[in-house]
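Each chain, written out:
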Amino acid sequence: NNDIKQLMWIMQLFYPQESVNDLSPIESFRIPTKEELRELHEEPIDPQAQQEIINSIEEVYFSNDSFDIVKYELERLPPVLSLQELEEYRDKLKQQQAAELERVTSLQTGLQLAAVICTDGRRHLNIAKEGFTQTSLGLLANQRKRQLLIGLLKSLRTIKTLVYELSIVFYPKEEDYPGAIQLCLECQKAASTFKHYSCISELNSKLQDTLEQIEEQLDVALSKICKNFDINHYTKVQQAYRLLGKTQTAMDQLHMHFTQAIHNTVFQVVLGYVELCAGNTDTKFQKLQYKDLCTHITSDSYIPCLADLCKALWEVMLSYYRTMQWHENHDQDEAAVVSSVSDGNNVIGTEENCFDRNYVKKKLEHGLSRIWQDVQLKVKTYLLGTDLSNFKYDDFIFVLDVISRLMQVGEEFCGSKSEVLQESIRKQSVNYFKTYHRTRLEELRMFLENETWELCPVKSSFNILQLHEFKFMEQSRSPSVSPSKQPASAISATVTLFEQYCNGGNPFEIQADSKDDETEDVLASNGYESDEQEKSAYQEYDSDSDVPEELKRDYVDEQTGDAPIKSVSRETLRSRKRSDYNLNKVNAPILTNTTLNVIRLVGKYMQMMNILKPIAFDVIHFMSQLFDYYLYAVYTFFGRNDTFESTGLGLSSSRLRTTLNRIQESLIDLEVSADPSGTLTAAEERKEKVPSPHLSHLVVLTSGNLLYGLAERVVATESLVFLAEQFEFLQPHLDAVMPAAKKPFLQQFYSQTVSTASELRKPVYWIVAAKAIDYEQMLLLMANVKWDVKEIMSQHNVYVDALLKEFEEFNRRLNDVSKRVRIPLPVSNILWEHCIRLANRTLVEGYANVKKCSNEGRALMQLDFQQFLMKLEKLTDIRPIPDKEFVETYIKAYYLTENDMESWIKEHREYSTKQLTNLVNICLGTYINKKARQKLLATIDDIDRPKR
């Protein structure tokens, strides 16, 4: 507005005679003439100076259109006019006018150009209005519609894709769960974008329902992992749960499924066998509780059902083991990825994943013990549901083997000692073992009563470890076969069952022991390793077998050896003939079929104990009873003789007598033996006791030619010694499994029972020695000898030859017996010792019967005894001769004085009262008077009084 006002002011200055309002638009914007512009531009004006000039124009000039400039200037003139000041003021006004006119001119030029442009625009608009029709405008509208339709088509295509993806989301396959969930989440996002379409308005709620349905189907898919783990299947299920953000929920659900899988598995397995045995499809069994269902299992189906039960439970535990493996490998892979890609933006997500991994790891570790506890309880219920006391031994061992393997699985699975299983199988084992042991003791009694005590020919290399029952001591219990099938080297001890069967197979695919595929190479032919060895043993032996030549030969030192060899001389063979009546056979063990059965039974007991160590004490206690009963039977059959035990020769040691008394009190049911009619009642009342055995009537112990059953006595006694040696061999194994609190029992059993087996030789063989030689006949012959001779005799008495002939006959019979049974050196030594001891005591008894005796007679006694010793030493290798001093001391006592005699009587209490009294009476009148005799007899009576 100021610019226009200025323009109008300038025009008034130049065109005062005309009114601006009267001019036309074009005329009002007339361009000044060249002369006018030249005048204005005579002096060049600086823009800054020109702007200062314009600014110096007073505001009043622009106040309104009716402002009178001339009047205003005239009124401003001073009262006193000065030409110079007027000219200066005029020049100032001209400068102001020139500067303002320059701006007005420029503005006028611009306005004129704008007017021209507007004129041209109106002209072109009129031309366009006339040139374009309604059709042209329609094309523009169609183009606009086309653009709108293209956008609509794009939206429709998006909706079509969304519908296809929704079809995958709403009807996903099991393997497509991760993709379906991913699509569902994307569809939810897309639905929110296109929510302005009515067809997608309810999609969000529908998608949420679909996600819930997928989660339910995921739970079903997760449950399938429990019985048959598939790594690809489980990987997809875990991916799906991770997309849902429910990894922890999945782990909680998984443990519930495993618990349910254990219950369903055992129920279905047992139900199948119950229905199979019932023979009908009655649904009443399906309504029973698992505990009640187990009581309907029959004995025939018990073992296969147990095996299938353990197989099924193994599959569940293996799936859990593989599930843990998957998570361990997955965690390692994730940790490796996180460490390789360290992005600060992913810190929060990494922490969440780490929290989930830790939760899953702890949940899985805690679940190990829970899963195993459930397995134990289910198997325990099954075990206790049936009475196993009447099972066959092999079947029961099979059950123990399966449970033992299951406990091994538990230890590898979670480090558990399986206390629940151990306690349940211990109850069944103790119950079974008592019944089994009672039956075995009755069988042992039957065997002993029917035993003829014939030698069971086994090889010299026989070892109890060669028997089937002891294979477990040399071979490791294999996970895939029953107790004694597979060597320990077949499976490395470092490989667990889960590692071994992770990719297939089952440790409970067990076959029962089949003894047909194994052989026991323990029996020998006629007691020899081969026929050639038997022939060589007899070849040289029979060529020089007459006894008289033996008596003529000088003494040959004793030689011993196990087997005949070519370098052995004939003299050595002869020596062996006297010292070890074994026909030069290899020193094979002496045992009977009953002994072998007892050893096998011990092996079975140890098998059971090895599998189930908690019942070790019970088993060892029953094993000791087997040995006790065998020892008691041998003693009862061959060693009990009150007549000989009363001799006071100490044939039975106090330890042996104590052991026999203990066995009789704790194990032998004497009342049953005395009263057969009360056997059943007594057996019920005395379940721990067994009737005393009776010797078979086929065993003859009264034949003198057979040395009163010496062969049977040797077989019986030496088989007992052999049995004791086997128990000694097994002691470290028994000690290893025996509970510490019960070890004193084991030590006492060995020190007071097993070690006394060899002591039974003395009373058993004493009976033979007492009957083999006619000692009574010798006493009669000695009674006929005249001892009060007056001269020194150079010839010994006849009774000496008779006694030596008895010994020769004894030696011959001993050789005859040795052809049937090898007589070990300790046995022959004991027999000879007993015979010599009895002979010497008979000599003393004969000398004690002498009524009169001279010094020459006492010299004759010494001569007879020396002759006896000289010949006897050629028949036996025993040195020194037993009781030699017993005879010599008694003969020399005839020469003692009164004082020496009293001391001698007090010191030698081994002589009987009769023998001492006779000694005093014979010496009367020689070295002793009547007063001294009375004193000595009183001394003898004092010594004898405590014995009475």
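Residues numbered from 1 in each chain as written. Predicted model: local features only at pLDDT ≥ 70, side-chain atom pairs only at ≥ 80, totals over all residues. Heavy atoms only, no water.

Some remarks on the overall build of the chain
Where we set the bar: The secondary structure listing takes helices from DSSP runs of H or I that are at least 4 residues long and strands from runs of E that are at least 2 residues long, numbered from the N terminus. Burial here depends on accessible area, computed with a 1.4 Å probe over protein chains only, as a share of the maximum for the residue type. Under 20% is buried, over 50% is exposed, and the range in between is partly exposed. Note on contacts: a residue pair qualifies if any of its non-hydrogen atoms lie within 4.5 Å across the two residues. Reported accessibility uses the Shrake-Rupley method at a 1.4 Å probe radius. Residues are deemed covered only where the shown protein chains occlude them.
Looking only at helices and strands, the chain has 36 helices and two strands in total. A buried classification covers 45% of the 948 residues belonging to the chain. Taking the intrachain contacts of the chain between residues at least 6 apart in sequence as the baseline, contacts between residues at least 24 apart amount to 79%. Counting only carbon and sulfur atoms, one obtains 51% of the accessible surface of the chain, whose full area is about 49,900 Å².

Considering the side chain of His 255
For His 255, the location among the structural elements is in helix H10 (residues 247-278). Accessibility expressed as a relative area gives 4% for His 255, which makes it buried. Other than its neighbours up to four places away in sequence, His 255 contacts Tyr 320, Lys 363, Leu 364 and Gly 367.

What to know about the side chain of Asn 840
Mapped onto the secondary structure, Asn 840 falls in helix H31 (residues 825-848). Discounting chain neighbours no more than four positions away, the residues touching Asn 840 are Phe 865, Phe 868, Ile 881, Pro 882, Asp 883, Lys 884, Phe 886 and Val 887.

Some details on the packing of helix H26 (residues 710-737) against helix H28 (residues 761-772)
Applicable threshold: Angles here are taken between N-to-C directions and fall from 0 to 180 degrees, while the axes themselves are lines fitted to C-alpha atoms, restricted in helices to the stretch in contact. Convention used here: angles under 35 degrees read as roughly parallel, angles over 145 as roughly antiparallel, angles from 65 to 115 as roughly perpendicular, and any remaining angle as oblique. In this count, Pro and Cys sit with the nonpolar residues alongside Ala, Val, Leu, Ile, Met, Phe, Trp and Tyr, while Asp, Glu, Lys and Arg are called charged and the others, Gly among them, polar.
Axis separation between H26 and H28 bottoms out at 11 Å; the angle between their running directions is 175°. Between H26 and H28, the angle falls in the class roughly antiparallel. Each of Leu 710, Arg 713, Val 714, Thr 717, Glu 718 and Val 721 in H26 lies in contact with H28, whose residues at this interface are Arg 761, Val 764, Tyr 765, Ile 767 and Val 768. Its residues assigned to classes, the contact of H26 with H28 shows seven nonpolar, one polar and three charged.

Considering the state of the cysteines
Going by this rule: Cysteine sulfur atoms that come within 2.5 Å of each other are treated as a disulfide pair.
Counted under the stated rule, the structure contains zero disulfides. No disulfide involves Cys 310; its nearest neighbouring cysteine sulfur is the one of Cys 305, lying 9.5 Å away.

Notes on the pattern of salt bridges
Filter applied, for reference: Salt bridges, as used here, are contacts in which a Lys or Arg side-chain nitrogen is within 4 Å of a carboxyl oxygen on Asp or Glu.
Taken as a whole, this structure holds 29 salt bridges when the rule is applied. With its nearest N and O atoms 3.6 Å apart, the salt bridge here joins Glu 411 to Lys 417. What makes Glu 411 partly exposed here is its relative accessible area of 44%. Glu 759 serves as the salt-bridge partner of Arg 655, at 2.3 Å between the closest nitrogen and oxygen. With Arg 655 in helix H23 (residues 654-666) and Glu 759 in the loop between helix H27 (743-752) and H28, this pair connects stretches of sequence that are 104 residues apart. One salt-bridge network, held together by shared partners, links Arg 438, Glu 442, Arg 445 and Glu 449.

Let's talk about helix H20 (residues 593-611)
The test is simple: One less than the residue count of a helix, multiplied by 1.5 Å, gives the span that helix is expected to have. For this analysis, a polar contact is any N or O atom pair within 3.5 Å, provided that within protein one partner can donate a hydrogen and the other can accept it, and provided that sequence-adjacent residues contribute only side-chain to side-chain pairs.
Under the 1.5 Å per step criterion, the end-to-end length of H20 is 27 Å for 19 residues, consistent within 8% with the ideal 27 Å. When you tally the buried positions in H20, you get 15 out of 19 residues, the bulk of the element. N-capping of H20 is provided by Thr 592, with a side-chain oxygen placed 3.3 Å from the backbone N of Thr 594.

Comments concerning the packing of aromatic side chains
For clarity, the cut-off: Here a Phe, Tyr or Trp ring, Trp counted by its six-membered ring, pairs with any other such ring whose centre lies within 6.5 Å, and the pair is stacked when the planes are under 30 degrees apart, edge-to-face when over 60, and tilted otherwise. Cation placement over rings: the criterion is NZ of Lys or CZ of Arg within 6 Å of the ring centroid and within 35° of the ring normal.
If you walk through the whole model with that rule in mind, you get 37 aromatic pairs. Seen from their ring centres, Phe 886 and Tyr 911 are 4.5 Å apart, and the 20° between their planes marks the pair as stacked. With a gap of 25 residues between them, Phe 886 in helix H33 (residues 884-892) and Tyr 911 in the loop between helix H34 (898-907) and helix H35 (913-923) connect regions that are remote in the sequence. The same class applies to Phe 886 and to Tyr 911, which are both buried. Grouping aromatic residues by their ring pairs yields a cluster made of Phe 258, Trp 314, Tyr 320, Tyr 321, Phe 413, Phe 498 and Tyr 501. Positioned above the aromatic ring of Phe 617 is the side chain of Lys 742, whose terminal nitrogen or guanidinium carbon lies 4.5 Å from the ring centre. The positively charged end of Arg 841 is found above the aromatic ring belonging to Phe 886, 4.5 Å away from the centroid.

Some points on the nonpolar core
This is how it is decided: Residues belong to a common nonpolar core when they are buried Ala, Val, Leu, Ile, Met, Phe, Trp, Tyr or Cys residues joined through side-chain atoms within 4.5 Å.
The biggest cluster of nonpolar side chains holds 223 residues, and the ones touching the most others in it are Phe 807, Tyr 847 and Phe 868. With near-sequence residues (within four places) excluded, Phe 807 lies in contact with Ile 773, Trp 832, Cys 835, Ile 836, Ala 839, Phe 868, Leu 872 and Leu 875.

Structural notes on a nonpolar patch on the surface
Put simply, the test is: Note on patches: the residues involved have over 30% relative accessible area and no salt bridge, like charges join within 9 Å, and the nonpolar side chains Val, Leu, Ile, Met, Phe, Trp and Tyr join within 5 Å.
Together, Val 70, Leu 74, Leu 77, Leu 81 and Leu 86 give the surface a local cluster of nonpolar side chains, amounting to about 430 Å² of exposed area. By secondary structure assignment, the location of Leu 86 is in helix H5 (residues 83-131). Overall, the relative accessible area of 32% leaves Leu 86 in the partly exposed class.

Here we look at the environment of Glu 315
Turning to its location among the elements, Glu 315 is positioned in helix H12 (residues 299-340). When the C-alpha atoms of Glu 315 and Asn 228 are compared, they prove to be 7.0 Å apart, with 87 residues separating the residues in sequence.

Comments concerning the confidence of the model for the chain
Cut-off, in case you're wondering: pLDDT gives the predictor's per-residue confidence on a scale running from 0 to 100.
Here the chain averages 78 in pLDDT, while 75% of its residues score no lower than 70. Here residues 512-517 is a poorly scored stretch, pLDDT under 50, and it has nine contacts once near neighbours within four places are set aside; other chains count.

Here's the deal with the packing of helix H21 (residues 616-639) against H26
Counted only if it meets this: Handedness of a crossing is defined here by the sense of rotation of the near helix relative to the far one, left-handed for an anticlockwise turn of less than a right angle and right-handed for a clockwise turn.
Where H21 meets H26, the axes come as close as 11 Å, and the angle between the chain directions of the two elements is 165°. Relative to H26, the element H21 lies roughly antiparallel. The element H21 and its partner H26 pack so that their crossing is left-handed. Across the interface between the two elements, Ala 616, Ile 620, Met 623, Phe 627, Tyr 630, Leu 631, Val 634 and Phe 638 from H21 touch Glu 712, Arg 713, Ala 716, Thr 717, Ser 719, Leu 720, Leu 723, Ala 724, Phe 727, Leu 734 and Val 737 from H26. Of the residues assigned to the contact of H21 with H26, the class counts are 15 nonpolar, two polar and two charged.

Here we look at the environment of Asp 219
Note that Asp 219 resides in helix H8 (residues 203-223). When neighbours within four sequence positions are excluded, Asp 219 is seen to be in contact with Tyr 241, Gln 253 and His 257.

Details of unusual backbone geometry
Of the consecutive residues Arg 879 and Pro 880, the connecting peptide bond is found in the cis state with omega at -5°. Of note, Leu 707 is a non-glycine position whose phi angle comes to about 55°, a positive value. With a phi close to 60°, Asp 883 is a non-glycine residue in the positive phi region. By secondary structure assignment, the location of Asp 883 is in the loop between helix H32 (855-875) and H33. The class of Asp 883 is buried, set by a relative accessible area of 14%.

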